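The primary structure of each chain is shown beneath.
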Amino acid sequence: MAAENIDDVVDGLAGIVREAGRAGDRVGYFAALYRQVTVQVRAAVHAGQFDDGARMDRFDTHFGNRYFDAYDAWRRDRSGPRCWRAAFGLLDDADTVIVQHLLLGVNAHINLDLAVAAARTSPGEAIHALRRDFLLINDILARVVLVVEDSVGAVSPLLSLLDQVGARTDERILDFSVRQSREEAWYNAVLLAGQSEAEREAAIERLDVRAAVLARLIARPGGLVRPALELIRSTESDDVPAVIAHLDDAMERPSARQETA
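It should be emphasised that the depicted structure is a prediction, and the values quoted were computed from it without experimental measurement.

Analysis parameters
- Residues numbered from 1 in each chain as written.
- Predicted model: local features only at pLDDT ≥ 70, side-chain atom pairs only at ≥ 80, totals over all residues.
- Heavy atoms only, no water.
- Helix = DSSP H or I, 4+ residues; strand = E, 2+ residues; numbered from the N terminus.
- Buried < 20%, exposed > 50% of the residue type's maximum accessible area, 1.4 Å probe, protein only.
- Contact = heavy atoms within 4.5 Å.
- Axes fitted to C-alpha atoms, helices over the stretch in contact; angles between N-to-C directions.
- Parallel < 35°, antiparallel > 145°, perpendicular 65-115°, else oblique.
- Left-handed = near helix turned anticlockwise from the far one by under 90°.
- Nonpolar A, V, L, I, M, F, W, Y, C, P; charged D, E, K, R; others polar.
- Phe/Tyr/Trp six-rings, centres within 6.5 Å; stacked < 30°, edge-to-face > 60°.
- Patch = residues over 30% accessible without salt bridge, like charges linked within 9 Å, V, L, I, M, F, W, Y side chains within 5 Å.
- Areas by Shrake-Rupley, 256 points an atom, 1.4 Å probe, with all protein chains shown as cover.
- Salt bridge = Lys/Arg side-chain N within 4 Å of Asp/Glu carboxyl O.
- Expected span 1.5 Å × (residues − 1).
- Polar contact = N/O pair within 3.5 Å; in protein donor to acceptor, adjacent residues only side chain to side chain.

Student: Go over the overall build of the protein chain, please, and point to the residues and values.
Tutor: Regarding its fold elements, the protein chain presents 12 helices and three strands. Counting every position in the protein chain, which comprises 261 residues, the buried fraction comes to 53%. Across the protein chain, every contact between residues at least 6 apart in sequence was considered, and the portion connecting residues at least 24 apart equals 79%.

Student: Pulling in residues and values, what's your account of the packing of helix H2 (residues 27-46) against helix H6 (residues 131-152)?
Tutor: Following both chains from N to C, one finds H2 and H6 inclined at 135°, their axes separated by 9 Å at the closest point. The angle between the axes of H2 and H6 places the two elements in the oblique class. Our pair here, H2 against H6, has a crossing hand that is right-handed. Contact with H2, carried on its side by Leu33, Gln36, Val37, Gln40, Val41 and Ala44, involves Ile137, Ile140, Leu141, Val144, Val145 and Val148 of H6 and no other residues of that element. Residue composition of the contact of H2 with H6, by class: 10 nonpolar, two polar and no charged.

Student: Could you give an account of the packing of aromatic side chains, naming the residues involved and the relevant values?
Tutor: Inspection of every chain in the model, using the stated rule, returns 15 aromatic pairs. Consider the rings of tyrosine 67 and tyrosine 71, whose centres lie 6.2 Å apart with planes at 15°: the pair is stacked. Of the two residues, tyrosine 67 and tyrosine 71 both sit in helix H3 (residues 53-77), four residues apart, roughly one turn of that helix. Classification of tyrosine 67 by relative accessible area gives buried; the value is 1%. These aromatic residues form a ring-pair network of at least three members: Phe30, Tyr34, Phe59, Phe63, Tyr67, Phe68, Tyr71, Trp74, Trp84, Phe88, Phe134 and Trp186.

Student: Please provide a residue-by-residue account of a nonpolar patch on the surface, values included.
Tutor: Where nonpolar side chains cluster on the molecular surface, the patch consists of Val209, Val213 and Leu217 and spans about 200 Å² of accessible area. Overall, valine 213 belongs to the partly exposed group, its relative accessible area being 35%.

Student: Any details on unusual backbone geometry? Residues and values, ideally.
Tutor: One non-glycine residue with positive phi stands out, namely arginine 78, at about 60°. Along the chain, the position of arginine 78 falls in the loop between H3 and helix H4 (82-88).

Student: Quick rundown of H2? Include the residues and the values.
Tutor: Since the α-helix packs 3.6 residues into each turn, any two residues three or four apart lie on the same face. Over its 20 residues, H2 runs 29 Å from end to end, which matches the ideal 28 Å to within 8%, given 1.5 Å per residue. Within H2, 15 of the 20 residues are buried, which leaves the element mostly enclosed by the surrounding structure. Glycine 48 occupies a position one or two residues after H2 and carries a positive phi of about 75°.

Student: So what about the side chain of aspartate 113? Which residues, and what values?
Tutor: Secondary-structure assignment places aspartate 113 in helix H5 (residues 98-121). Under the relative-accessibility criterion, aspartate 113 is labelled buried at 0%. At 3.0 Å, the side chain of aspartate 113 and the side chain of arginine 66 are in polar contact. In this structure aspartate 113 touches Phe63, Arg66, Tyr67, Trp84 and Ala108, once residues within four positions along its chain are discounted.

Student: Before we move on, can you summarise H3 with the specific residues and values?
Tutor: With 25 residues, H3 should reach 36 Å at 1.5 Å per residue; the first-to-last C-alpha distance of 36 Å fits that figure. The distance from a side-chain oxygen at the start of H3 to the backbone nitrogen of alanine 54 is 3.2 Å, and the residue carrying that oxygen is aspartate 52. Phi turns positive, to about 60°, at arginine 78, one or two residues after H3.

Student: Talk me through the pattern of salt bridges; I want residue IDs and the actual numbers.
Tutor: Within this structure, the stated rule accounts for 15 salt bridges. Across the pair aspartate 77 and arginine 76 runs a salt bridge whose closest N-O atoms are separated by 3.9 Å. You can call aspartate 77 partly exposed: its relative accessible area is 46%. Two residues, glutamate 184 and arginine 210, come together in a salt bridge whose shortest N-O distance is 3.1 Å. Of the two residues, glutamate 184 sits in helix H8 (residues 178-193) while arginine 210 sits in helix H9 (residues 197-219), which places them 26 residues apart along the sequence. For glutamate 184, a relative accessible area of 23% gives the class partly exposed.

Student: An account of the environment of alanine 242 is requested, with residue identities and associated values reported.
Tutor: Looking at where alanine 242 falls in the secondary structure, it is placed in helix H11 (residues 240-248). With 218 residues separating them in the primary sequence, alanine 242 and glycine 24 have C-alpha atoms 8.8 Å apart.

Student: Can you explain the packing of H3 against H5? Please cite residues and give values.
Tutor: Axis separation between H3 and H5 bottoms out at 9 Å; the angle between their running directions is 135°. On the basis of their axis angle, the class for H3 and H5 is oblique. Between H3 and H5 the crossing geometry is right-handed. Residues Arg55, Arg58, Phe59, His62, Phe63, Arg66 and Tyr67 of H3 form the contact with H5, whose participating residues are His109, Leu112, Asp113, Leu114, Val116, Ala117, Ala118, Arg120 and Thr121. Looking at the contact of H3 with H5 residue by residue, the class counts come to eight nonpolar, three polar and five charged.

Here it is as structure tokens:
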């Protein structure tokens, strides 16, 4: 699976979501979230919100192909980046809650793929001209993540327990912070853009290792979070196709955050 433009990315993600829904495969959870992010980015491109819409189309295509490559590698022979293997490896784990599946994907895509895609889109000094558009795409991602998190409550009734144990505050769930990761992704993008090919490969390897460590913390948190997750999981819907369908249209429903904004 390889995309040539942002439309291909949307179509490819929609295909994964459809197949996951038919097969009852939890890979559809993150794919549904990611499809919505990409639809929002495409709308922003068409609305002229980015400084360079054509560049953003290329950026999103590189970004999407990072996910498709990881997905294809996992399906082929369980290979691919460490952080994506950690995410895909838990798809059949009945004890992993829905929000963990979502954040495992977000972790890999932000903490590894986002910087790599940015550096590939705008290598060298050109990376600095990308900053405003880079921050805008991150804002779109964060906004969709918040809406989807709220929508998860309909299929995960006790998700609010994470707030009570301090694991979901200020965009932070378990041991992953969307806001902090967005900031670090820009720093890493600038670093990668200025490196030689050999230096870049070594840096990407380090980013993958770090993201894999974060994935393990998301998957197996300690303290009071673990028993809270066990209780949350006991009340979640086991109807994977229904959960995928619910997540896939989250942006079309008013969320609690939107209603109180």
